[in-house]
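Summary of structural features
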Amino acid sequence: MLARQPSSVGELADQLPITPQAVSQHLGVLRAGGLVVARPDGTRRVYRLNTQGVAALKAYFERIWDDALAAYQKAADVAADNFDHEKEPT
Amino acid sequence: MSSAPTVPTMTGTATVALDVDRAFGFFTEFFGSWWPTDYHIGQTEMADAVLEPREGGRWYERGVDGTECDWGRVLVWEPPHRFVVTWQISGRWQYDDDPKHASEIEGPLQRRPSGGTLVELEHRHLDRLLDGEPFAPPSKKVAAVGAPSCKPSPALPRAPA
């Protein structure tokens with residue numbers, strides 16, 4: 001929901017079958033994990049997704065898998081060549 | 001609202017000339033021969049990485065000094081078409097033994113009609129690696145952090161207690 005629109009605890013609770021207290025508690029956990037960030041807006045706090053944290057994690061794993069799969073492909077093709085050579089009559 | 005916002009599932013593909021049996025064997029049993037050695041958590045250079053070819057098998061790296069650092073476990077072992085392993089290196093780049101904090105990697109392999117094999121990896125439940133902890137990307141390589149969960153190789157003599 002926060003991915004669509006930054007919201008306050010009250011706005012989230014209005015759209016959910018749970019109490020504002022439960023929403024608030026849940027947001028606290030997410031905030032501690034760096035998944036959402038809060039900024040004060042008058043008397044309320046507006047929560048939004050911490051896209052930087054999520055994006056950073058995603059980007060990091062993207063890099064690992066890009067590198068790893070490229071390395072696998074390269075090494076597997078060398079291995080395939082070796083199998084082919086083994087099959088050739090000497 | 002689910003329990004946590006989902007970090008998007010990562011996908012990646014590789015196309016290789018090996019047939020599906022060999023492609024599976026090369027990916028798993030020869031894992032250490034192709035995995036980029038920059039990506040590891042031990043404090044010493046990585047000498048090898050091992051994916052034990054069975055359900056419940058360990059997935060770990062071995063450092064040049066014989067230290068072994070766990071990465072995850074084998075959940076599903078269905079050669080030559082499918083395997084699922086856990087990646088349990090947390091957002092703090094340490095092995096986390098709690099299965100609830102485990103992300104999963106599924107590797108389906110398919111024979112291509114035109115020859116060779118298509119590997120389509122999926123890395124999911126990445127949000128479990130955070131579990132309330134802030135994500136702290138390593139400055140350069142995973143290796144920079146070190147992992148207290150690493151243990152001396154069982155094959156090496158231990159210092160007396």
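Residues numbered from 1 in each chain as written. Chains lettered and ligands numbered in written order. Predicted model: local features only at pLDDT ≥ 70, side-chain atom pairs only at ≥ 80, totals over all residues. Heavy atoms only, no water.

1. Observations regarding the overall build of chain A
Put simply, the rule is: Under the DSSP-based scheme used, a helix requires at least four consecutive residues in state H or I and a strand at least two consecutive residues in state E, with every element numbered from the N terminus. Methods summary: accessible areas were calculated by the Shrake-Rupley approach with a probe of 1.4 Å, and residue burial reflects only the protein chains presented.
Within chain A one finds 3 helices and 2 strands. What you see in chain A, going N to C, is helices and strands ordered as α-α-β-β-α. Total accessible area on chain A stands at roughly 5600 Å², and carbon and sulfur atoms take up 51% of it.

2. Quick notes on the packing of aromatic side chains
Residues and elements named next belong to chain B. Where we set the bar: Stacked, edge-to-face and tilted labels apply to pairs of Phe, Tyr and Trp rings (six-membered ring for Trp) whose centres lie within 6.5 Å, assigned for plane angles under 30 degrees, over 60, and everything in between, in that order. Whether a residue is buried, partly exposed or exposed follows from its accessible area with a 1.4 Å probe, protein chains only, as a fraction of its type maximum: under 20%, in between, or over 50%, in that order. By the criterion adopted, a ring carries a charge over it if an Arg CZ or a Lys NZ lies within 6 Å of its centre and within 35 degrees of its normal.
This structure, assessed with the given rule, holds 23 aromatic pairs over all chains. Arranged with centres 4.9 Å apart and planes meeting at 70°, the rings of Phe-31 and Trp-34 form a pair that is edge-to-face. In this pair, Phe-31 and Trp-34 are both assigned in helix 2 (residues 31-34), 3 residues apart and thus about one turn of the helix distant. An identical accessibility class is assigned to Phe-31 and Trp-34; each is buried. Between Arg-58 and the ring centre of Tyr-60, over which it is positioned, the NZ or CZ distance is 3.9 Å.

3. Description of the nonpolar core
Put simply, the test is: Residues belong to a common nonpolar core when they are buried Ala, Val, Leu, Ile, Met, Phe, Trp, Tyr or Cys residues joined through side-chain atoms within 4.5 Å. Each domain's limits were defined by an automated method or a database of domain assignments. Note on definitions: a residue-residue contact is assigned when non-hydrogen atoms from the two residues lie within 4.5 Å.
Ranked by internal contacts, the top residues of the largest apolar core, which has 59 residues, are Phe61(A), Tyr72(A), Phe27(B), Phe31(B), Trp35(B), Trp71(B) and Trp87(B). Counting residues per element, this core draws most heavily on helix 3 (residues 51-87) of chain A, which supplies 12 residues. Both of domain 1 (9-49) and domain 2 (51-90) of chain A provide at least three residues apiece to this core. Contact partners of Phe27(B), with chain neighbours within four places excluded, come to Leu69(A), Tyr72(A), Trp34(B), Phe83(B), Val119(B) and Leu121(B).

4. Overview of unusual backbone geometry
Excluding glycine, a negative phi dihedral is what most residues carry, and trans is how most peptide bonds are arranged. Residues and elements named next belong to chain B. The omega torsion of the bond from Pro-79 to Pro-80 falls at 5°, within 30 degrees of zero and hence cis. In this fold, Pro-80 is placed in the loop between strand 4 (68-78) and strand 5 (82-87). Phi angles above zero are rare outside glycine, and His-125 is one such case at about 60°. With respect to the helices and strands, the residue His-125 is situated in the segment after strand 8 (117-124).

5. So, helix 1 (residues 20-28) of chain B
Residues and elements named next belong to chain B. How we decide: Pairs of N or O atoms are called polar contacts if they sit within 3.5 Å, as long as, within protein, a hydrogen donor faces a hydrogen acceptor (for residues adjacent in sequence, only side-chain-to-side-chain pairs).
Buried residues dominate helix 1, accounting for 7 of its 9 residues. Within the span of helix 1, buried status applies to Val-20, Ala-23, Phe-24, Gly-25, Phe-26, Phe-27 and Thr-28. Backbone nitrogen of Asp-21 and a side-chain oxygen of the N-cap are separated by 3.2 Å at the start of helix 1; the cap is Asp-19.

6. A closer look at helix 2 (residues 20-32) of chain A
An α-helical segment advances 3.6 residues per turn. Residues three or four places apart therefore align on the same side. All names here are of chain A. This is how the line gets drawn: Here the expected span of a helix is defined as 1.5 Å times the quantity of residues minus one. The directions from the helix axis to the C-beta atoms form the arc being described.
For helix 2, built from 13 residues, the straight-helix expectation of 18 Å at 1.5 Å per residue is met to within 8% by its first-to-last C-alpha distance of 18 Å. Among the residues of helix 2, those classed as buried are Val-23, Leu-27 and Leu-30. With its buried residues spanning 60° around the axis, helix 2 presents them on a single face. Away from its buried face, by an angle of more than 90 degrees, helix 2 presents the exposed residues Gln-21, Gln-25 and Val-29. Contact partners of the buried residues in helix 2: helix 1 (9-14), strand 1 (36-41) and strand 2 (44-49).

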